[in-house]
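# Tertiary structure, described
Given next are the chains, with one letter for each unit.
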Amino acid sequence: MEVGAAGFERCLPRLRGRVRRAAFLALDMEFTGLHSISPQNNQPSLFDSPAERYLKARQSVQRFTVTQLGLAIFSNENSNKYVVHSYNFFLFPSTWGLTDVEFALSASSIQFLSHYGFDYSKFFEDGIPYMNEVQEKILSQHLLAGSLKVSSALDRDVLKKAIDEVTCWIVAAEEEETMILQDLNGYQIFDVQLVLRKALQNVWTQPLGDKKVMVRKVSPQHRQLLENSPYDYCREELILLSARGFTNLFQTLVKAKKPLVGHNMLMDLMHLHDKFYKPLPESYEEFKRNIHNLFPVLIDTKTVTKSIWKKCPLPRVLNLLEVYEVLCRNLNPKDSTCPVIALASDCSRYAEKKSPHEAGYDAFLCGSVLLKSAHLLLCRSTDDAVEADPSFSQYLTVLAEYLNKVNFIRGGVSSINFSGKDAPCEHPPALVVHVRGWPELNERKIYEEFKPLCLFDVRQLSKNQFIMLSNKFKHVRLVLRDYRHHPHLRVSVYRHWRHSPGVSCLLQVSGIVALWSLLAFVLGGAPCCSL
């Protein structure tokens, strides 16, 4: 089900109720870009520690924005049946009462989403606004001070037209007479009311819905009574409620504390923090603590399925949709203990048509993969003798080792542990390349040299030495074999005590000190003993 700004407030109470009743929630996002190319060396690398990768990703999150957020709400209706309400929310940064928000567009990301049918007109024209706590505080201060400014040129034109209409009308209007302003979108409804009330003491305004605002001519005494009544639709709390937009639903997700499921969800979590909670902190550990406080139970289906694929003889897969299809084929549909996943009627098109990289569809796939993976693990843990109608709490028990461990793509750890310390992963050994007789060789040239054979990440170790990392053991074996007799490049397994410049320097200094001590002893002779 698609939800834009026009229908969001109407849907919000129903969404809140479904979230509170959910067994778990699955989430997916689409962005205007993934990895910023500025500054240089910002691409993910196998050399990255989690803290280093976080700082790289933080720059990208601050630069790009969310175009679409998919939320699949899985409700355990009865026994092992799960009913899914899956939503596509088009989002667009708030432009009301704040400094104009800037964000970048990555050409490859835009092209990718366009290929899969993303509707950019809905993103630009009907995107739901949102703001984080810092932005909300600024807006609240402006509202209290009465210093709200209209930042959009379009909104200024609409506002001027509305003021001209009202000032012309009010001269001849009788008290309690009304007029209707039309074609007001989003925040224009609040802008017009706030400006008219501030400029004219004898008018009262009221939104009518359907992009309309009613203006009534009143006495100053009547106006004062209305301002202190429940009929004032421009009260600060109501304005903030509207300005928060999607952040209202985010706060519901946080309060509900339901298990949150994603697939390769690190960037999703970083955008959630930055766009709806607080700007991302510089500290990686602070980010982890904040996310764990917001969402105490995280499940990354990439982490889960990586482990399952190592344990089970399943076909190789490249993406989430393929994972879902393989699990559907490998779980016996006649097994009465298997979870039954049914899409609600307002999301039924996902049962009829695949929609990869549509956030709502990917969120549905993600939650479905979780249930099927958990059932497969439960079968393996009980030698296939699963009791009838396993509960979701039983699934969480077999998933215990994966909870709060979010997949870490190409780095120094296999996953980020949001509830503890990150455990290092087993990588193939690093290789060191010694260069002889090949001047002006740099990291890029070394990378290009090995690229036809296999992929490595490269860093320069010293003037004539480079260290290379791969995440595949077969690539390491291949390079060691094929470059055994290369005329200019000698490749060997990296040994820290032998190849580290710091250790080499220390050994050289220690050798010099030892040599001088020996010379001093030999030349000075043994000391004489005196009685």
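Here the structure is shown first, and the text comes after it.
Remember, it's a predicted structure, so these values are computed and weren't measured experimentally.

## Let's talk about the overall build of the chain
What the chain contains, in helices and strands, is 21 helices and 16 strands. Taken across its 531 residues, the chain has 47% of its residues classed as buried. Here the contacts in the chain between residues at least 6 apart in sequence split such that 72% fall between residues at least 24 apart. Carbon and sulfur atoms make up 54% of the accessible area of the chain, which totals about 27600 Å².

## Things to note about the nonpolar core
Counting 49 residues, the largest nonpolar core has Leu69, Phe89, Phe246, Leu269 and Leu272 as the members making the most contacts within it. At the level of elements, helix H1 (5–21), strand E2 (24–31), helix H2 (50–63), strand E3 (66–78), strand E4 (81–90), helix H10 (247–256), helix H11 (266–277) and helix H12 (284–294) are the ones that each hand at least two residues to this core. At 7 residues, H11 tops the list of elements feeding residues into this core. The residues contacting Leu272, other than those within four sequence positions of it, are Leu27, Met29, Leu69, Phe250, Leu260, Tyr277 and Phe295. Judged by nonpolar contacts, the second largest core, of 40 residues, contains Ala23, Val261, Trp309 and Leu327.

## Regarding the pattern of salt bridges
Under the defined criterion, the tally for this structure stands at 17 salt bridges. Note that Asp422 and Lys288 form a salt bridge whose closest N and O atoms lie 3.2 Å from each other. With Asp422 in the loop between strand E12 (415–417) and strand E13 (431–435) and Lys288 in helix H12, this pair connects stretches of sequence that are 134 residues apart. Salt-bridge contacts for Asp482 lead to Arg481; the nearest nitrogen and oxygen are separated by 2.7 Å. Arg481 gets classed as exposed once you look at its relative accessible area, which sits at 51%. A cluster of three or more residues bridged by salt bridges with shared partners is formed by Asp48, Arg53 and Lys56.

## Observations concerning helix H14 (residues 320–330)
Taken as a whole, H14 has its buried residues at Leu320, Leu321, Val323, Tyr324, Val326 and Leu327. Each element contacted by the buried residues of H14 is listed here: helix H13 (301–311) and helix H16 (359–381). Two or three places before Leu321, at the opening of H14, Asn319 has a side-chain oxygen 3.2 Å from that residue's backbone nitrogen.

## Notes on the packing of aromatic side chains
A full pass over the atoms with the stated rule returns 31 aromatic pairs. Consider the rings of Tyr54 and Phe287, whose centres lie 4.9 Å apart with planes at 25°: the pair is stacked. Remark: Phe287 occurs in helix H12 and Tyr54 occurs in helix H2; sequence separation between them is 233 residues. The burial state of Tyr54 is the same as that of Phe287; both residues are buried. When the ring of Phe92 is compared with that of Phe123, the centres are 5.2 Å apart and the planes differ by 65°; the resulting orientation is edge-to-face.

## Focus on the side chain of Thr67
Within the secondary structure, Thr67 sits in strand E3. Exposure remark for Thr67: the relative accessible area of 0% places this residue in the buried category. Among residues more than four places away in sequence, those in contact with Thr67 are Glu30, Phe31, Thr32, Phe89, Phe90, Leu91, Leu113, Phe118 and Phe123.

## A word on the layout of surface pockets
Roughly 1500 Å³ of internal volume is contained in the second largest pocket. Around the second largest pocket sit 45 residues that line it, and Ala5, Pro129, Asn185, Gly186 and Tyr187 are the ones nearest its centre. Listed by contribution, the elements that provide at least two residues to the lining of the second largest pocket are H1, helix H4 (120–126), helix H6 (153–170), helix H7 (188–199), strand E6 (203–209) and helix H9 (236–244). Of all the elements, H1 adds the most residues to the lining of the second largest pocket, at 8 residues. Looking at the lining of the second largest pocket residue by residue, the classes come out as 22 nonpolar, 14 polar and 9 charged.

## Topic: the packing of H2 against H11
Relative orientation of the contacting elements H2 and H11 amounts to 55°, with a least axis distance of 10 Å. Considering their axes alone, H2 and H11 lie oblique with respect to each other. Crossing handedness for the pair H2 and H11: right-handed. Along its contact with H2, which presents Tyr54, Ala57, Arg58, Ser60, Val61 and Gln62, the element H11 presents Met267, Met270, His271, Asp274 and Lys275. Residues of the contact of H2 with H11, tallied by class, amount to 5 nonpolar, 3 polar and 3 charged.

How each quantity is defined
- Residues numbered from 1 in each chain as written.
- Predicted model: local features only at pLDDT ≥ 70, side-chain atom pairs only at ≥ 80, totals over all residues.
- Heavy atoms only, no water.
- Helix = DSSP H or I, 4+ residues; strand = E, 2+ residues; numbered from the N terminus.
- Buried < 20%, exposed > 50% of the residue type's maximum accessible area, 1.4 Å probe, protein only.
- Contact = heavy atoms within 4.5 Å.
- Areas by Shrake-Rupley, 256 points an atom, 1.4 Å probe, with all protein chains shown as cover.
- Core = buried A, V, L, I, M, F, W, Y, C linked by side-chain atoms within 4.5 Å.
- Salt bridge = Lys/Arg side-chain N within 4 Å of Asp/Glu carboxyl O.
- Polar contact = N/O pair within 3.5 Å; in protein donor to acceptor, adjacent residues only side chain to side chain.
- Phe/Tyr/Trp six-rings, centres within 6.5 Å; stacked < 30°, edge-to-face > 60°.
- 1 Å grid on protein atoms, 1.4 Å probe; cavity = no way out; pocket = protein on both sides within 12 Å on 5 of 7 lines; lining within 4 Å.
- Points joined across faces, edges and corners; volume = space filled by probe spheres on them.
- Nonpolar A, V, L, I, M, F, W, Y, C, P; charged D, E, K, R; others polar.
- Axes fitted to C-alpha atoms, helices over the stretch in contact; angles between N-to-C directions.
- Parallel < 35°, antiparallel > 145°, perpendicular 65-115°, else oblique.
- Left-handed = near helix turned anticlockwise from the far one by under 90°.

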